[in-house]
Amino acid sequence: MREIITLQLGQQSNYVATHFWNTQESYFTYGAEEESPVDHDVHFRPGLGVDGTETFMPRTVIYDLKGGFGTLRKLNALYDITEDAAASSLWSGKTVVHKEQPIQTSAYQESLDVGETPPELTTSSVRYWSDYNRVYYHPRSINQLNEFELNSTIQPFEKWHMGEELFGSLDKEHDLLDRDMRPFVEEADQIQGIQIMTGLDDAWGGFATKYIERIRDEYGKTPVWVFGIQEPTRGLTREKRMLKLVNKARTLAELSSQASLVVPLSIPEGPLSPRVHLDPSSPWHVSALFAAAIESTTLYTRLRTTDRLYSSSMGHMTDLLNVFGRQTIANLEMSPADISQPTQNGNNARGELVANHGNHEDEESDSGSQKGPDPLEVDLSSPQDLRLGGGPRRSRKMHIFSQIRTYRGLDTDEGVAEDPDALGGRRLRRPKIHNYRSNLSLPLLDSQPAIFRGSDGSAIKERMAVRTALSADTSVMHKVRALRTTVIRSIGVEDRETIGNELAEIAEGYKEGWSSGSDDDDDE
C-alpha cells in the first residue's frame, strides 16, 4: 500500500482538515454501489472498536489548544470506555470532582448522532471545527495541549517562539513523535509521505518546524508536504500584521530546508473571483476554499488504478515540481467550474478516473505568464495589505519552472488548449507542465458552506468541477524578497542575520536557470 500520515497543527488547520476528512468519507461506497475510484487505505486505517466492531478511521494526528476541540471527545461511540475512573484509581482517599460547564452539542451533530437529516449550517452555528465534523477519529488521534487556551486574551498563542518552546517542553517530557505519530507509521505497510496542515503565521509555525526537525531525524527520506494556513489579516492592527509577517518569515526560513514541499495558503486581500462568495471573517468559509484546492491537487496520490499509470505519489509530484533541487515553496491556484456533460467515453462526473496524465513542455507568452485557472492568491509577503510598497511590481515578468495542473469533473480536453504562437519569436527556457485529469468531481456536502458559484451566478450544489495549478515560479523569489525587506528590522538582532540570509537563499533558488534581464537590478 501507499499510506499517507496526516498531522493537523492548530485551530486553522483543523478547520481545513475537517473539510478534507468529510470529503474523504464521502467517497466510501456501500453494498452494491460501484467501487470507489479512491483507494481508502491511503488515508484510513482499519481497526477494532471496544466491542469488536470493525472500524476505519483517518491516519491522522490532531493537535489543538485547550478548548479548541469543541464537543469532540477523545473517546467516541466506537471506542467508549464506561469504566469509572475513580474506581480504578490508586488513590483511596476522598475525591473532589471539578467540572467545567460543558459545551452544548450543535444541532448538526445531534442530527448526525440520531441518523436524521441535519439542519443547514450557518456562520453563527459553526463555533468549532468539530461542529461540522462527520467522521470518527481513533482516540490516539486526539491530542489536546492544555498549556495554552484557545483565544486567550491573557496569554495568546501567537508568537513563533511560543510554539517552538511548547514543542520542546512537551517533546522532552513525552517524546511526541514516539507517543503520537510512530504508532500510525508502524502500522502502515509502505508509507508514501507525511501531509502536514499547520498555521504558518502564528505560534503553530514554530511548533511545526520543530516537529518536522524530529520527523527528519527519524524518517529522513520520507516526503513531507506542508500546507501553511494563513489567517485573514483584515481588521487587524499594524502591529498584529507585522507579528504575523515575522512569524511567517521564521517559519518559511526553517521549513524550506526541512520539508519536501511548502504550500502557503492565504485568501486575497482584494476582491475574489465572481465564482467564490465567502465571508473572510468565518474560518468555516475560508477553510472550505483551502480544502477544495488541497483535496483536488492531492487527489492523484490516492486514486485507485490497476496499473497505477494515472495515479501518482507525493514523492513523484515533489520531483516534478522541484526542478533545481532548491525550489521547495510552491504556489497553489484553483478555479471552480460547473460540472461538464458526460465525456466522450460516456463516464459521468461521479465516475472513475477517465483521462490521462501527460508530461509535456508548454509554451510561454511574451509576458512569461501561463494560461491557467483563475488564481487562488497564495501570498508570502502581503505588502499591499500593510501598504509598505515592498511587493513585486506588475511589470515584472514571471517564469514558471514547473507546474502541475489538475482537472477534475471537466471534459478531458477542457481548459488545456495551448497557443503555439504565444512566444512571439522569443525562445526562452520553457516550463515543464504536468497534467493530471480525472472525471471524479468534488462533492459538495451539507457540512460545507455554499461559497462556490456557477457560470449563471447561482450556488453550485452537490458536485463541482475544479482546476488547480501547483507551480514553482519566479513570483516566489519576488515575494520572499519583499517579505525579507518588510520584516528584517522587526526581527531580534540575535536572529536577524541568520533569517535574512536564509530568506535571501530561498529567493536565489528561484532565479537559477532563469533571468528576465530587466529585474536583475532589483535584487537585494
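Refer to the structure above for everything that follows.
The structure displayed is predicted, hence computed values, not measured ones.

Calculation criteria
Residues numbered from 1 in each chain as written. Predicted model: local features only at pLDDT ≥ 70, side-chain atom pairs only at ≥ 80, totals over all residues. Heavy atoms only, no water. Pairing = 2+ DSSP bridges. Helix = DSSP H or I, 4+ residues; strand = E, 2+ residues; numbered from the N terminus. Axes fitted to C-alpha atoms, helices over the stretch in contact; angles between N-to-C directions. Buried < 20%, exposed > 50% of the residue type's maximum accessible area, 1.4 Å probe, protein only. Expected span 1.5 Å × (residues − 1). Phe/Tyr/Trp six-rings, centres within 6.5 Å; stacked < 30°, edge-to-face > 60°.

**Student:** I keep staring at the sheet that holds strand β4 (residues 60-66) and nothing clicks. Help me out?
**Tutor:** Strands sit in the order β5-β4-β1-β6-β7-β8 across an open sheet of 6 strands; the sheet is parallel. The open sheet has two free edges, formed respectively by β5 (142-149) and β8 (261-265), since each of these has just one partner strand. Going across the sheet, the axis of each strand differs from the next one's by a mean of 15°, ignoring polarity. Where strand β7 (residues 224-229) and β8 come together, 5 bridges link them in parallel fashion. Note that in β8 the partner of glycine 228 across the bridge is proline 264.

**Student:** I keep staring at the pairing of strand β9 (residues 331-337) and nothing clicks. Help me out?
**Tutor:** Looking along a regular strand, one sees side chains alternate from face to face of the sheet. Burial analysis of β9 places 6 of its 7 residues in the buried class, which makes it a mostly covered element. Of the pairings in the sheet, the one linking β9 to strand β14 (residues 463-473) comprises 7 bridges and is antiparallel in character. Each residue of the ladder has a partner; that of leucine 332, found in β14, is leucine 470.

**Student:** Can you help me understand the pairing of strand β6 (residues 193-199) in this one?
**Tutor:** Most of β6 sits out of view: 7 of its 7 residues are buried. In β6, alternate side chains face the same way, and those of Gly193, Gln195, Met197 and Gly199 on one face and Ile194, Ile196 and Thr198 on the other are all buried. Note that strand β1 (residues 4-9) and β6 share 6 bridges and pair parallel. When the bridges of β6 are listed, glutamine 8 appears paired with methionine 197.

**Student:** How should I be thinking about unusual backbone geometry in this particular structure?
**Tutor:** Outside of glycine, negative phi angles account for most residues, and trans bonds account for most peptide bonds. Positioned with a positive phi, asparagine 151 is a non-glycine residue whose angle comes to about 60°. Summarising the element assignment, asparagine 151 is placed in the loop between β5 and α3 (160-174). Not every positive phi belongs to a glycine, and aspartate 175 is a case in point at roughly 55°. Structurally, the position occupied by aspartate 175 is in the loop between α3 and α4 (176-186).

**Student:** What am I meant to see in helix α7 (residues 283-298) here?
**Tutor:** Each full turn of the α-helix corresponds to 3.6 residues, which orients residues three or four apart in the same direction. The first and last C-alpha atoms of α7 sit 22 Å apart over 16 residues, in line with the 22 Å expected at 1.5 Å per residue. In terms of burial, α7 is a largely internal element, 15 of the 16 residues being buried.

**Student:** Is there a simple way to think about the packing of aromatic side chains in this case?
**Tutor:** Two measures describe an aromatic ring pair: the distance that separates the ring centres and the angle between the ring planes. A full pass over the atoms with the stated rule returns 19 aromatic pairs. Taken together, a centroid distance of 5.3 Å and an interplanar angle of 40° make the contact between tyrosine 300 and tyrosine 436 tilted. In this pair, tyrosine 300 is assigned in the loop between α7 and α8 (314-321) and tyrosine 436 in strand β12 (residues 432-438), connecting sequence segments 136 residues apart. Take tyrosine 300 and tyrosine 436: they sit in the same class, and that class is buried.

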